[in-house]
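# What the coordinates show
What follows is each chain in one-letter form.
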Amino acid sequence: MPDVKLVNISKRYGKGKIIAADKVNLEIKDGEYFTILGPSGCGKSTLLKIIAGIVKPDEGEVYVGGKLINDVPIEERRIAMVFQNILLFPHMNVEENIGFAPRVKGIEKERRVRIVEEIVAMLKLTLRSTAFPDELSRGAQQKVSLARAIASETNLFLFDEPLSALDSRVRLELRYELRRLVKELGVTAIHVTHDQEEAMSISDRIAIMKRGRIIEVGSPVELYLGPRTIFTAHFLGKMNFMEGTAKELLNGECVVELAGGIKIKTRVKNKFTRERVVLAIRPEFIKISQTINNKYSNIIEGKIVEKFYTGSYIYYKLKLENGVEVFSLTEAEKTYKAGDKIYASFPPEYIILFKYPEEGLEKELSLE
Amino acid sequence: MIDIKLVNVTKRFGAITAVDNMNLEIRRGELFTILGPTGAGKTTTLKLIAGLLNPDEGEIYFDGQLVNDLPPEERDVGFVFQGYALFPHMTVWENVTYGPLVRGMDPEEVERIGREILSKVHLLERADSYPYELSGGMQQRVALARALASGSKLLLLDEPLSALDARLREELRFELRNIVKEVGATAIQVTHDKYEALQLSDRIAILRKGKVVQVDTPINLFTKPNSIFVANFICDMNFLEGIVKKVDEDGAIVELRGGPLVRTLDRTHRAGERVVVAVRFEDVEIKPGETKHVYGIHGKIERISFLGPFIRIEVILENGEDVSVKLPATIGYKFELGDRVTIYFEPAKIIVYSYPREGLAEELIVE
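Residues numbered from 1 in each chain as written. Chains lettered and ligands numbered in written order. Predicted model: local features only at pLDDT ≥ 70, side-chain atom pairs only at ≥ 80, totals over all residues. Heavy atoms only, no water.

### Looking at the overall build of chain A
The number of helices and strands found in chain A is 10 helices and 20 strands. Reported as C-alpha extents along the three principal axes, the dimensions of chain A are approximately 75 × 45 × 35 Å. Looking at the 368 residues of chain A, the share that counts as buried comes to 57%. Of the roughly 16800 Å² that chain A leaves accessible, carbon and sulfur atoms contribute 48%. (Helix = DSSP H or I, 4+ residues; strand = E, 2+ residues; numbered from the N terminus. Buried < 20%, exposed > 50% of the residue type's maximum accessible area, 1.4 Å probe, protein only. Areas by Shrake-Rupley, 256 points an atom, 1.4 Å probe, with all protein chains shown as cover.)

### Describing the sheet that holds strand β1 (residues 4–13) of chain A
Residue and element names in this part refer to chain A. What the 4 strands build is an open sheet, ordered β2-β1-β4-β5; its pairing is antiparallel. The sheet terminates laterally at β2 (18–28) and β5 (67–68), the two strands that pair on one side only. Sheet analysis places β1 next to strand β4 (residues 59–64), joined by 5 bridges and oriented antiparallel. Residue pairing for β4: Val7 is matched across the bridge by Glu61. Contacts from helix α1 (residues 44–52) reach β1, β2 and β4 within the one sheet, and its direction differs from that of β1 by about 120 degrees. (Pairing = 2+ DSSP bridges. Contact = heavy atoms within 4.5 Å. Axes fitted to C-alpha atoms, helices over the stretch in contact; angles between N-to-C directions.)

### So, the sheet that holds strand β12 (residues 251–256) of chain B
All names here are of chain B. Here we have 5 strands laid out as an open sheet, ordered β13-β12-β11-β14-β20, and antiparallel in their pairing. Two strands in the sheet have a free side with no partner beyond their single neighbour: β13 (261–263) and β20 (351–354). Across the sheet, the axes of successive neighbouring strands diverge by a mean angle of 40 degrees, strand direction being ignored. Relative to β20, strand β14 (residues 274–280) is paired through 4 bridges, and the arrangement is antiparallel. Across the sheet, Val275 pairs through a bridge with Ser354, a residue of β20.

### Things to note about the side chain of B:Thr10
Among the secondary structure elements, B:Thr10 is positioned in strand β1 (residues 4–13). When sequence neighbours within four positions are dropped, the list of residues in contact with B:Thr10 reads B:Thr17, B:Val19, B:Asp20, B:Asn21, B:Pro55, B:Asp56 and B:Glu57.

### Describing the side chain of A:Arg112
Within the element layout of this structure, A:Arg112 appears in helix α4 (residues 109–122). In this structure A:Arg112 touches A:Gly99, A:Pro102, A:Arg103 and A:Ile107, once residues within four positions along its chain are discounted.

### Points about the interface of chain B and chain A
On the chain A side, the residues contacting the 44 residues of chain B number 46 residues. Carbon and sulfur atoms supply 56% of the area that chain B and chain A bury against each other, a total of about 3800 Å² over both sides. Summed over the shared surface of chain B and chain A, the number is 1 salt bridge. Note that B:Glu170 and A:Lys238 form a salt bridge whose closest N and O atoms lie 3.9 Å from each other. Of all the secondary structure elements, the ones that give two or more residues to the side of chain B that touches chain A are α4 (136–149), α5 (166–183), α6 (194–200), α7 (218–223), α8 (228–234), β16 (297–306) and β17 (310–317) of chain B. The element contributing the most residues to the side of chain B that touches chain A is α5(B), with 7 residues. Considering only residue class, the side of chain B that touches chain A consists of 20 nonpolar, 9 polar and 15 charged. (Buried area = accessible area lost by both parts, 1.4 Å probe. Salt bridge = Lys/Arg side-chain N within 4 Å of Asp/Glu carboxyl O. Nonpolar A, V, L, I, M, F, W, Y, C, P; charged D, E, K, R; others polar.)

### Some words on the packing of helix α2 (residues 92–102) of chain B against α4(B)
Helix-helix packing is described using two parameters, namely the angle between the two axes and the distance between the axes. Residue and element names in this part refer to chain B. Interhelical geometry of α2 versus α4 gives an angle of 25 degrees and a closest axis separation of 7 Å. In terms of axis orientation, α2 runs roughly parallel to α4. Where α2 crosses over α4, the handedness of that crossing is right-handed. Residues Val92, Asn95, Val96 and Pro100 of α2 pack against Val142, Ala145, Arg146 and Ala149 of α4. When grouped by side-chain class, the residues that make up the contact of α2 with α4 number 6 nonpolar, 1 polar and 1 charged. (Parallel < 35°, antiparallel > 145°, perpendicular 65-115°, else oblique. Left-handed = near helix turned anticlockwise from the far one by under 90°.)

### Let's talk about the domain arrangement of chain B
Residues and elements named next belong to chain B. What the domain assignment reports for chain B is domain 1 (4–228) and domain 2 (237–363). On a C-alpha basis, the centroid separation for the pair domain 1 and domain 2 is 38 Å. Contact with domain 1, which involves 9 residues of that partner, is made by 12 residues of domain 2. Carbon and sulfur atoms supply 52% of the area that domain 1 and domain 2 bury against each other, a total of about 800 Å² over both sides. The largest per-residue losses of area from domain 1 upon contact with domain 2 belong to Arg208, Phe222 and Ile228, which jointly make up 69% of the total buried on that side. Counting across the domain 1 and domain 2 interface gives 2 salt bridges. Between Glu363 and Arg208 there is a salt bridge, and its shortest N-O distance comes to 3.3 Å. Along the contact surface separating domain 1 from domain 2 lie 5 residue pairs in polar contact (both at pLDDT 80 or more). (Domains from an automatic or database assignment. Polar contact = N/O pair within 3.5 Å; in protein donor to acceptor, adjacent residues only side chain to side chain.)

### Re the environment of A:Leu318
Residues and elements named next belong to chain A. Among the secondary structure elements, Leu318 is positioned in strand β17 (residues 313–320). Residue class for Leu318 comes out buried when judged on its relative accessible area of 0%. A C-alpha to C-alpha distance of 4.7 Å links Leu318 and Ile304, two positions 14 residues apart in sequence. Excluding anything up to four places from it in sequence, Leu318 contacts Ile286, Ile288, Lys303, Ile304, Val305, Val324, Glu325, Val326, Ser328, Ile342 and Ala344.

### With respect to a nonpolar patch on the surface
Among the surface-exposed residues, A:Val221, A:Leu225 and B:Tyr333 lie close enough to one another that they form a single nonpolar patch of about 210 Å² accessible area. One can find B:Tyr333 in the loop between α9 (329–332) and β19 (340–345). (Patch = residues over 30% accessible without salt bridge, like charges linked within 9 Å, V, L, I, M, F, W, Y side chains within 5 Å.)

### Focus on the pairing of β17(A)
Residues and elements named next belong to chain A. Burial within β17 is extensive, with 7 of its 8 residues counted as buried. As paired strands, strand β16 (residues 299–309) and β17 are joined by 7 bridges and run antiparallel to one another. Following the sheet pairing, Lys303 is matched in β17 by Lys319. Counted along the chain from β16 to the antiparallel partner β17, the turn is 3 residues long, and its residue Gly311 has a positive phi close to 100 degrees. Direction of pairing for β17 relative to strand β18 (residues 325–331): antiparallel, over a ladder of 7 bridges.

Structure (structure tokens):
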């Protein structure tokens, strides 16, 4: 089980114009399910290719299991990769595809058959082992390519958007399979995706990447509930942002004045005073009601602009009395309609504050 | 704005019937979604409406006029297909404003529409770029902008957001509906993403193997799915096999495999009948510890997935079946892997289906 370490990795493309990796430092632990998450073009696939040895970094070092591997060729790195584009041998059946690596390694037939059988059982592959790839659904094909990767008996797996090309239901199923397998085999996995829900549900830790840089690393819960940057807050899940000014402290806790002079209490201690801030709160934490509920604090009047149905929950777009628009995620049982007057409450314990970004909020939120 | 009608439409490709005797009515100004698994015939249906394919049987009407023999260019349709074909020698701006200009729209109006729509798909800054200078996701947004700006009365959108990052897709979803409503076109969208369908659509048709299995509003589809297939496709749902043990004045009591009992309000099945009990992930009640309750089922937490606003917990029940529970993350935190729990299904939240003729597994196949 190897740990992986990237030290000051940089990579430029197109005569140096495009920076795919900008002094990246990352440490991935032994046996960890690690995900690199970011918008398209952020450089996440390049990082994976550098670890695999497909792309050479311009600068920096790659260590696997403590060993510098910059000059180790791909075939000697003992790394298995699974890509979005499923690459099975079309002229080989399921069994032959899975047994390919053991055969190349010269493992005798009897043991090879046993290896394939074990993997088929582990993956709960209910396919005919004599079927050819083009007879299988895409989900089944991707399972076979996963089986083939396992059969190579390596202990570092690199997944490059392995689920992106699949039907959403199949994607969900395979998501759980991936993590289960990695944990069962006790290997290290590095997974690259742009799908935030996938990243959150599958990973031990996530690195958020933007424009060739690692913005933040943490567990899914840490990053979701306590993001340290506006970009992480924005990219991972849905977030409402409101501009304001940190005014005074109330028992050491920051009070923020929003547009229209509305004051909001927070639980943020001693961090900001008399400066521009960005206040952030997730839609599921904003409570809406038809009358003022004294249980809640930070109540702002507003009205429903629009609603978006998502099954058992509804996204309401609200327009607050100061003109600011926010989203609230609410159980579908209480329904409101466009134009309804409501009171929105912003629980202080769920409010996050950020320093106002130098280049403005919009620039900070841009995905590209 | 026009209305569309498909009457007994069939389309075969060799031995495969892609669209099987389909009847569909799409209302004037509606944002209508065709939803179904890969290979259900969604794109074929769209191509038949566009005139890019001819039906083997059946009729297609636009505003009551038979259009079977009308070539695509005369159907006045704006479309976005996967593999978006933009004019390669034109800039983003020229691509988007081409339609309105050809129609002879007033230049000032063209300018206004172009700017408005490009800013909504976040591409105003790239107005002077050529398609080859853009990423796949950007090109798809240009194709969408071009269709929206075209002034066509009918928009056909085949997975219009599929090439986009999950994050951007979510953002544009909200915009797409607004723009379609603003330009006042009838729009037919094809997707396999149920959240996209639920959030955007006025009505949704669920397709399976070339047939329409249910057409309804998002809310009705979600609350009253007419089959196990639709329920599985549109909701996150648990399906448990059982036999109706008895029926009293409150409804049926179902015995699951291995003996656990479930109280339902169902009155459409009789004692002894084989059934499937369906409950949404978010409707399952979960309590810490193994408490005693006639209709409580004990189990152990097998897997916990963090989804952001929600936590999904998978529980292996005492009868060996597994049940998924979706909870707001703020409540879900208190549960841990390996915890013993009690599961309860609220009778009003249960849907009871007859056991499917071809078996439950077959009904749940989505590929």
